[in-house]
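Reading the structure
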Amino acid sequence: MNYEITGATKLTALLGSPVAHSISPQMHNEAFRQLGLNYVYLAFDVTSETLKDAVAGLKAVGICGFNLTMPLKVDILPLLDELTPAAKLAGAVNTVMVRDKKLIGHTTDGVGYLRSVSAAGHDISGKKMTLLGAGGAATAICAQAALDGIPSIDMFKRKNATWDKALEFCQKTSSKTGCKIRLLDLQNEELLAQSISESAILTNATNLGMAPNTSVSPISDPSILHKDLIVSDIIYNPRETLLLRQAKERGCFCMNGLYMLLYQGAAAFTCWTGQEMPIEIIQKKYFSN
């Protein structure tokens, strides 16, 4: 299909740091080509310090929407005009839509993650989740899992300056959804082992193990991973993290973050264009191992 950037081409983008490894530009631009849409998707290396200027510039030139990745999913909040209900609950944004010159923050991370689990052939409704991390992706996953009927979630994070904020999120989400959510110390190995023993799925939503720091795992004792456990890492670079290698050796079903990326991207694509991403084509071209 002939595809050409013109004076009428609409701009979409990814903001974050680092972004050079991202396959989102290939994914979205191929989807635009397949559907004959006059859009382009670019990646910009933007830090927390440069975010305000970057967003002002993109808004000024008429961008129609953009994605955010680490470390910007929470930093973006003060710069937005509105939040969707999902973004309000998660307290994080990975997708911004521009409507009537207003920046509207949304999150597709949770929907994308749960859809990736389902696409892998697993039904975790009614079962317990152990979730590592409390950043933007973690809160989006936690909120969506609670909305989708997961009855119990243990969220583990380091006890640091953001502990109280994470606790507030857990309490708010629990009260709104009825899901039992506990915030626990990631360094408490006894509690972590107990939680995993009771869970159907372990989800790593931290950056521990992401390139270039691939020799790190959030699990120091792999023996706590039982063979009936689904072990999911939202990291996709590398495709097999140390955590996933540990889990594979224990006989667990393993999945990386590629399909979460695919499905959250597809949801963002629809937010901007009003059309469905041709998922089968994109999956075959960019996501087949």
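Structure: see above.
Conventions we followed
Residues numbered from 1 in each chain as written. Predicted model: local features only at pLDDT ≥ 70, side-chain atom pairs only at ≥ 80, totals over all residues. Heavy atoms only, no water. Helix = DSSP H or I, 4+ residues; strand = E, 2+ residues; numbered from the N terminus. Buried < 20%, exposed > 50% of the residue type's maximum accessible area, 1.4 Å probe, protein only. Contact = heavy atoms within 4.5 Å. Lys, Arg positive; Asp, Glu negative; His and termini not counted. Charge placed at Lys NZ, Arg CZ, Asp CG, Glu CD. Pairing = 2+ DSSP bridges. Axes fitted to C-alpha atoms, helices over the stretch in contact; angles between N-to-C directions. Core = buried A, V, L, I, M, F, W, Y, C linked by side-chain atoms within 4.5 Å. Salt bridge = Lys/Arg side-chain N within 4 Å of Asp/Glu carboxyl O.

Right, let's get into the overall build of the protein chain. When you go through the protein chain residue by residue, the secondary structure sums to ten helices and twelve strands. Along the longest, intermediate and shortest principal axes, the C-alpha atoms of the protein chain span 60 × 40 × 35 Å. Counting every position in the protein chain, which comprises 289 residues, the buried fraction comes to 51%. A sequence separation of at least 24 residues applies to 70% of the contacts in the protein chain between residues at least 6 apart. In the protein chain, which carries 27 positive and 26 negative side-chain charges, the distance between the mean positions of the two groups comes to 3 Å.

Covered by surrounding structure in strand E3 (residues 65-68) are Gly65 and Asn67 together with Phe66 and Leu68, the residues of both alternating faces. The pairing of strand E1 (residues 10-16) with E3 spans four bridges and is parallel. Note on E3: the bridge partner recorded for threonine 12 is glycine 65. Both E3 and strand E5 (residues 95-99) contribute to a ladder of three bridges, which runs antiparallel. From the neighbouring strand, phenylalanine 66 faces E5, where its bridge partner is valine 96.

Before going further, it helps to examine the sheet that holds strand E9 (residues 180-185). The parallel open sheet is built from six strands, whose spatial order is E9-E8-E7-E10-E11-E12. Each of the sheet's edge strands pairs with one partner strand only, and the pair in question is E9 and strand E12 (253-255). Across the sheet, the mean angle separating the axes of adjacent strands is 15° when strand polarity is ignored. Here four bridges tie strand E7 (residues 128-132) to strand E10 (residues 201-204), and the two strands are oriented parallel to one another. Paired with leucine 131 across the strands is threonine 203, a residue of E10. Along the sheet, helix H4 (residues 109-119) contacts E7, E10, strand E11 (230-233) and E12; its crossing angle with E10, the most-contacted strand, is approximately 135°. Strands in contact with helix H6 (residues 163-177) are strand E8 (152-157) and E9; relative to E9, the strand with the most contacts, it is inclined by about 165°.

This part is about the nonpolar core. Residues Tyr113, Ile124, Met129, Leu131, Ile141 and Ile153 are the most contacted members of the largest nonpolar core, which totals 32 residues. Every element with two or more residues in this core is listed here: helix H3 (85-90), H4, E7, helix H5 (136-147), E8, H6 and E9. The residues touching methionine 129, leaving out its near neighbours within four places in the chain, are Tyr113, Ile124, Ile141, Ala145, Ile150, Ser152, Ile153, Asp154, Ser199, Ile201 and Thr203. The next biggest cluster of nonpolar side chains, apart from the first, holds 27 residues, and it includes Phe32, Tyr263, Ala268 and Phe287.

Before going further, it helps to examine the pattern of salt bridges. Under the defined criterion, the tally for this structure stands at ten salt bridges. The residue aspartate 81 makes a salt bridge to lysine 59 at a minimum N-O spacing of 3.9 Å. With a gap of 22 residues between them, aspartate 81 in the loop between E3 and strand E4 (82-83) and lysine 59 in helix H2 (residues 51-60) connect regions that are remote in the sequence. Connected through salt bridges with shared partners, the residues Lys128, Asp154, Arg182 and Glu198 form a single ionic network.

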